[in-house]
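Report on the structure
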Amino acid sequence: MTILDLSTLTTQQLKDIAWQLRGTPAVEPIYRELGSRPKSIVIAPEDPQWPEKVNQILTEGSPS
């Protein structure tokens with residue numbers, strides 16, 4: 001078993017790993033690490049659906 005310090009990874013690296021591990025118990029520590037980091041908005045604030053899209057990105061790891 002490999003032990004990885006998730007705090008050393010970038011947010012993008014964590015999102016990539018989370019996407020590959022989605023639906024498995026192994027993704028839970030990654031979600032916790034992502035949840036502990038400051039949020040960055042990657043969707044234009046003028047987008048009328050930005051709150052829904054931000055929530056989707058945070059819960060699913062990918063925009064629609």
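These notes cover the structure that comes with them. Per-chain numbering applies: the sequence of each chain, read as written, is numbered from 1 onward. Local features in this predicted model are restricted to residues whose pLDDT is 70 or higher, and side-chain atom pairs enter the listing and the counts only when it is 80 or higher, whereas totals over whole chains, interfaces and linings include all residues. As a rule here, side-chain values cover all heavy atoms of the structure and leave hydrogens and water aside.

1. Here we look at the nonpolar core
Soluble globular proteins: nonpolar side chains tend toward being buried together. Threshold: As used here, the term nonpolar core means buried Ala, Val, Leu, Ile, Met, Phe, Trp, Tyr and Cys residues forming a set that is joined through side-chain atoms within 4.5 Å. Note on exposure labels: buried denotes an accessible area under 20% of the residue type's maximum, exposed denotes more than 50%, and partly exposed covers the range between, all computed with a 1.4 Å probe on protein chains only. Helical segments are the DSSP runs of H or I of at least four residues, strand segments are the runs of E of at least two, and each set is numbered from the N terminus.
Leu6, Leu9, Leu14, Ala18, Val27, Ile30 and Leu34 form the largest nonpolar core, which has seven residues in total. Listing elements by their share of this core, those giving two or more residues are α1 (11-21) and α2 (28-36).

2. Side note on the side chain of Arg37
Note the following rule: Counted as a polar contact is a pair of N or O atoms within 3.5 Å, where, for protein atoms, one must be capable of donating a hydrogen and the other of accepting one, and residues adjacent in sequence contribute only when both atoms are in side chains. Residue contacts follow a heavy-atom distance rule, with two residues in contact if any of their heavy atoms lie within 4.5 Å.
Mapping Arg37 onto the fold places it in the loop between α2 and α3 (50-60). A relative accessible area of 15% means that Arg37 is categorised as buried. Here the side chain of Arg37 touches Thr11 through a polar contact of 3.4 Å, side chain to side chain. Arg37 has contacts with Leu6, Ser7, Leu9, Thr10, Thr11 and Leu14, leaving out every residue within four places of it along the chain.

3. Details of the environment of Glu60
Relative to the elements of secondary structure, Glu60 occurs in helix α3. Here Glu60 falls in the partly exposed class, since its relative accessible area comes to 43%. In this structure the C-alpha to C-alpha distance between Glu60 and Tyr31, which are 29 residues apart in sequence, comes to 9.9 Å.

4. Section: the packing of aromatic side chains
Basically, it comes down to this: Two rings belonging to Phe, Tyr or Trp (six-membered ring only in the last case) form a pair when the distance between their centres is within 6.5 Å. Interplanar angles under 30 degrees mark stacking, angles over 60 mark edge-to-face geometry, and anything in between is tilted. Look at NZ for Lys and CZ for Arg. If either is within 6 Å of the ring centre and within 35 degrees of the ring normal, a charge sits over the ring.
Within the structure shown, the criterion is met by zero aromatic pairs. The positively charged end of Arg22 is found above the aromatic ring belonging to Trp19, 4.0 Å away from the centroid.

In short, geometric facts, not functional conclusions.
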